[in-house]
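Residues per chain are reported as follows:
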Amino acid sequence: MKGDELVIDRLTKNFGNKIAVDRLSFSFSPGVYALLGSNGAGKTTLMRLICDILSPSSGEVRFNGREIGSLGENYRDILGYLPQSFGFYPNFTAEKFLFYMASLKGIDKKTAEKRIEELLESVSLSDEKKQKIKTFSGGMKQRLGIAQAMLSEPRVLILDEPTAGLDPKERVRFRNLLSVFSKDRIVIISTHIVSDIEHIADKILIMKNGELIRSGTAEELTDKIKDRVYEISTSYERLCEIEEKYTVININTEGENAVIRILSDEKPTENAKKCEARLEDLYLYCFNDSGVKK
Ligand SMILES: Nc1ncnc2c1ncn2[C@@H]1O[C@H](COP(=O)(O)OP(=O)(O)OP(=O)(O)O)[C@@H](O)[C@H]1O
Ligand SMILES: [Mg+2]
């Protein structure tokens, strides 16, 4: 069987004279996609367009060849969505909330019972399932949000910053849950946290000012800066001088010194150490305000 295909075709969204998504085109087939971008890059707007919550100013989204607006309920049935800020029912218990969501999605009671039990276990909320949502911590609410998005075993799953507020242990659990779930499905996750997605995403999309500026596998993306990443330990006095000369990716403090990661075609200084290029380097480079970006 041929897998699903979700196509974004010159998709544009303006809010007044602000262009939030700018002629973005991409084709998604089953796999995990990470949407990386700084605040205001347009990630949430893009996701809401894909979920048919917002209508595009121009361009379109097609699922298996058909414009999503024309699919109506059929499209909603195959979609799971975790919004960036999620309004819950504070007086519902976690379990009751999931049953309620399942009934909205038309899932029969028997299937819902089994699925809800599995999901509560997967997001580590089994012991708290009888507790009211208003007593939940931020991370617990987030995990409940992830569970509701996965409830109907959607063929297209859109998660807007799912790892925000999760502690390290729950991040690992989330990654594992997703790697099992994502088989034969289209999963799109937005995040600022590169380390959360670099090992689970098949492809990475980098957005800046509403545009898709890079896309590819982590290897393809880091290949562009391979052999050009150096680390230099320097005093703060010399920092400005280096910043003027090179594209600085990152600066870390180490006692009296600054350890800086830079991009350079040649070894910049005697004590510079060549480093393996990481996705984080590329990401910071793309959002650094100096140097050539595109
Ligand atoms: N409803 C709206 N009305 C007006 N402007 C909006 C609206 N929604 C988004 N924008 C603007 O569109 C741009 C993209 O916003 P969006 O929320 O998509 O970014 P984001 O990448 O999700 O950011 P973040 O990482 O902070 O969640 C921003 O400049 C934002 O101010
Ligand atoms: Mg957002």
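Everything quoted here is computed from the prediction, not taken from an experiment.

*Asks:* Hey, could you run me through the layout of surface pockets in this one?
*Replies:* Regions of empty space are outlined by a rolling probe, equal in size to a water molecule, passed over the atoms. Its volume calculated, the largest pocket comes out at about 400 Å³. Every residue lining the largest pocket is counted, 16 residues in all, and those nearest its centre are Arg76, Leu79, Tyr81, Met101 and Lys105. In terms of residue class, the lining of the largest pocket is made up of eight nonpolar, three polar and five charged.

*Asks:* Help me understand the domain arrangement of the protein in this model?
*Replies:* Interfaces are often described in size by the accessible area the parts lose on coming together. Assigned domains within the protein: domain 1 (6-222) and domain 2 (227-276). Domain 1 and domain 2 are separated by 37 Å when their C-alpha centres are compared.

*Asks:* How should the pattern of salt bridges be read in this particular structure?
*Replies:* Where side chains of opposite charge bring their charged atoms close, a pairing between them can arise. Going through the model one piece at a time under the given rule, you end up with 23 salt bridges. Between Glu113 and Lys109 there is a salt bridge; the shortest N-O distance is 3.4 Å. A residue pair is termed a helical-turn pair when its members lie 3 or 4 positions apart in one helix, as Glu113 and Lys109 do in helix 4 (residues 109-122) at four residues. Residue classification places Glu113 among the partly exposed positions, given a relative accessible area of 36%. Through salt bridges with shared partners, a single ionic network connects Glu231, Arg261, Lys273, Arg278 and Asp281.

*Asks:* Honestly, the site of ligand 1 in this entry has me stumped. Any pointers?
*Replies:* Gly40, Lys43, Thr44, Thr45 and Gln84 are the nearest of the 14 residues found near ligand 1. Taking Ala41, its main chain carries an N or O atom lying 3.2 Å from an oxygen atom of ligand 1. Contact between ligand 1 and Gln84: an oxygen atom at 2.9 Å from a side-chain N or O atom of the residue. Considering ligand 1 on its own, with 650 Å² of exposed area, one finds that the protein chains cover 65% of that surface.

*Asks:* Explain empty space enclosed by the protein to me, please; I cannot follow it from the model alone.
*Replies:* For the coordinates displayed, the defined rule picks out one cavity of 30 Å³ or more. In this structure, the largest cavity encloses a volume near 50 Å³. Along the walls of the largest cavity sit Ser122, Val123, Arg143, Ile146, Leu166, Glu170, Arg173, Phe174 and Leu177, which together make up its complete lining. If you tally residues by element for the lining of the largest cavity, the top one is helix 6 (residues 168-181), at four residues. When the residues that make up the lining of the largest cavity are grouped by side-chain class, the tally is five nonpolar, one polar and three charged.

Reading guide: rules and limits
- Residues numbered from 1 in each chain as written.
- Chains lettered and ligands numbered in written order.
- Predicted model: local features only at pLDDT ≥ 70, side-chain atom pairs only at ≥ 80, totals over all residues.
- Heavy atoms only, no water.
- 1 Å grid on protein atoms, 1.4 Å probe; cavity = no way out; pocket = protein on both sides within 12 Å on 5 of 7 lines; lining within 4 Å.
- Points joined across faces, edges and corners; volume = space filled by probe spheres on them.
- Nonpolar A, V, L, I, M, F, W, Y, C, P; charged D, E, K, R; others polar.
- Domains from an automatic or database assignment.
- Salt bridge = Lys/Arg side-chain N within 4 Å of Asp/Glu carboxyl O.
- Helix = DSSP H or I, 4+ residues; strand = E, 2+ residues; numbered from the N terminus.
- Buried < 20%, exposed > 50% of the residue type's maximum accessible area, 1.4 Å probe, protein only.
- Near = heavy atom within 4 Å.
- Polar contact = N/O pair within 3.5 Å; in protein donor to acceptor, adjacent residues only side chain to side chain.
- Areas by Shrake-Rupley, 256 points an atom, 1.4 Å probe, with all protein chains shown as cover.

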